[in-house]
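# Working through the structure, step by step
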Amino acid sequence: MISFKQLRYALAVARTLHFKKAAEQCAISQSALSTAIAELESQLGVQLFERDNKKVLLTPVGEQILARATAISLEIDDIYRLATVAREPLSFPMTMGVIPTIGPYLLPKVLPAVRREYPDFRLTIAEEQSHVLVDKVRSGELDTAVLALPYAHEGLLEFPFWDENLVVVTHRDNPQHLPSPVRAADLREARLMLLKDGHCLRDHALAACHLQASSLDETLEGASLYTLIQMVAGHMGSTLVPEMALDQLLSDSSELTAIPLEEPGPHRSIAFLARPNFGGVSNIMSLRVLFRKALMAHAASMPG
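A short tour of the structure in this document, coming up.

What counts, and where the lines are drawn
- Residues numbered from 1 in each chain as written.
- Predicted model: local features only at pLDDT ≥ 70, side-chain atom pairs only at ≥ 80, totals over all residues.
- Heavy atoms only, no water.
- Pairing = 2+ DSSP bridges.
- Helix = DSSP H or I, 4+ residues; strand = E, 2+ residues; numbered from the N terminus.
- Axes fitted to C-alpha atoms, helices over the stretch in contact; angles between N-to-C directions.
- Contact = heavy atoms within 4.5 Å.
- Core = buried A, V, L, I, M, F, W, Y, C linked by side-chain atoms within 4.5 Å.
- Buried < 20%, exposed > 50% of the residue type's maximum accessible area, 1.4 Å probe, protein only.
- 1 Å grid on protein atoms, 1.4 Å probe; cavity = no way out; pocket = protein on both sides within 12 Å on 5 of 7 lines; lining within 4 Å.
- Points joined across faces, edges and corners; volume = space filled by probe spheres on them.
- Nonpolar A, V, L, I, M, F, W, Y, C, P; charged D, E, K, R; others polar.
- Phe/Tyr/Trp six-rings, centres within 6.5 Å; stacked < 30°, edge-to-face > 60°.
- Arc of directions from axis to C-beta.
- Salt bridge = Lys/Arg side-chain N within 4 Å of Asp/Glu carboxyl O.

### Examining the sheet that holds strand 6 (residues 157-164)
What the five strands build is an open sheet, ordered 4-3-5-12-6; its pairing is mixed. Single-partner strands in this sheet number two, and they are strand 4 (123-127) and strand 6. Going across the sheet, the axis of each strand differs from the next one's by a mean of 25°, ignoring polarity. Alignment of strand 5 (residues 144-149) against strand 12 (residues 268-274), held across five bridges, turns out to be antiparallel. Paired with Val 146 across the two strands is Phe 272, which belongs to strand 12. Strands strand 3 (94-98), strand 5, strand 6 and strand 12 of the sheet are contacted by helix 11 (residues 281-301), whose axis makes an angle of about 5° with strand 6.

What follows is the structure, given as structure tokens:
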């Protein structure tokens, strides 16, 4: 019978394509790892890897077998998570992805509360765009991801914890003198600046304002919310930002003003995504409660 330990060693070699690096990841000697891989190949009767003095390659049948082994590894990890979570919430390490238009503004508001409540909880965070995070959750590379919805995530569970609107940020000396609140129609002739294509916030902003991407000036696009705010400060136009980000983006800019967007909301929903068979769903639910409580406390502390 092949063992899970053998499969784990083989998966490490497949990730690194290097026997020495794989042995270091598995905390065993290189000779022990090589012996385990050779025994696995002998038991299966096929060669998983091509190796010489310079490189290691997966064979075609090795790719198929280790794809199945990856799925088995995820299931076993989920078994351990279920057992651990049953003993104590947030006692098992987790990996969480966040998108760039959420991470810098959400995490400072919620992580202190997580640390106070669960000081021993280990959370690893990765920042990527939405499509990358969805793929990584599906593959098991991440346990969960925090995304802004609506966004396509077929096959994954969603756990919303916060709704928010978008706000128009403009210069106080803007010659267009946008009304307060701003209607979508008021922005159609404005120099509206949004994030570059690929950011879900761009799609949410267009949807909230009933605009088409073709109506925007492609020269007025930013790679981040901070860049857009600097462009507004430079009298280049106006932009839309999430309510969650206002306190950080406008903290040092008395020359900028935020105006409510008079369009039906909420304009986006913030949610955790997870695989349906993920064993740590109860951990996500615990984080969901903590995040919402921290965001409500922050919202209550804001002026107005």
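### Notes on the nonpolar core
Counting 74 residues, the largest nonpolar core has Leu 106, Val 146, Phe 161, Leu 225, Leu 240, Phe 272 and Phe 291 as the members making the most contacts within it. Leaving out residues up to four positions away in the same chain, Val 146 has contacts with Met 96, Gly 97, Val 98, Ile 99, Ile 102, Leu 106, Phe 161, Ile 270, Ala 271 and Phe 272.

### Topic: empty space enclosed by the protein
Applying the stated criterion across every chain yields a total of one cavity of 30 Å³ or more. As a volume, the largest cavity reaches approximately 40 Å³. Looking at the largest cavity, the residues that line it are Ile 99, Pro 100, Thr 101, Gln 129, Ser 130, Gly 198, His 199, Cys 200 and Leu 201. Along the lines of polarity and charge, the residues of the lining of the largest cavity split into four nonpolar, five polar and no charged.

### Section: the packing of aromatic side chains
Centre distance and the angle of the planes are the two values used to describe a pair of aromatic rings. For the coordinates displayed, the defined rule picks out four aromatic pairs. Ring centres 5.6 Å apart and planes at 80° place the aromatic pair Phe 161 and Phe 291 in the edge-to-face group. One end of the pair, Phe 161, is in strand 6; the other, Phe 291, is in helix 11, and 130 residues separate them in sequence. Judged by relative accessible area, which is 3%, Phe 161 ranks as buried. Relative accessible area serves as the criterion here: at 0%, Phe 291 is assigned to the buried category.

### Structural notes on the environment of Met 236
Mapped onto the secondary structure, Met 236 falls in the loop between helix 9 (225-233) and strand 10 (238-242). Remark: the alpha-carbon pair of Met 236 and Pro 181, spanning 55 residues in sequence, is separated by 21 Å. What Met 236 contacts, discounting residues up to four positions off in sequence, is Arg 191, Met 193, Leu 220 and Met 231.

### Brief notes about the pairing of strand 7 (residues 166-171)
Burial runs high along strand 7: six of the six residues are buried. Burial along strand 7 is two-sided: Leu 166, Val 168 and Thr 170 facing one way and Val 167, Val 169 and His 171 facing the other are all buried. Looking at chain direction, strand 7 and strand 10 are connected through four bridges and run antiparallel. Among the inter-strand pairings, Val 169 is bridged to a residue of strand 10, identified as Thr 239.

### Regarding helix 6 (residues 130-139)
Residues that lie three or four places apart on an α-helix share one face, since the helix turns once every 3.6 residues. Taken as a whole, helix 6 has its buried residues at Ser 130, Leu 133, Val 134 and Val 137. Seen along its axis, helix 6 keeps its buried residues to an arc of 100°; they face one direction. Each element contacted by the buried residues of helix 6 is listed here: strand 3, strand 4, strand 5, helix 8 (200-208) and strand 12. Two residues or fewer after helix 6 comes Gly 140, characterised by a positive phi angle close to 90°.

### Quick word on the pattern of salt bridges
With the rule as written, the count across this model stands at nine salt bridges. With a shortest N-O distance of 3.7 Å, Glu 141 and Lys 136 are connected by a salt bridge. Here Glu 164 and Arg 268 are joined by a salt bridge, their closest N and O atoms 2.7 Å apart. One end of the pair, Glu 164, is in strand 6; the other, Arg 268, is in strand 12, and 104 residues separate them in sequence. Residue classification places Arg 268 among the buried positions, given a relative accessible area of 1%. The network of salt bridges with common partners includes Glu 128, Lys 136 and Glu 141.

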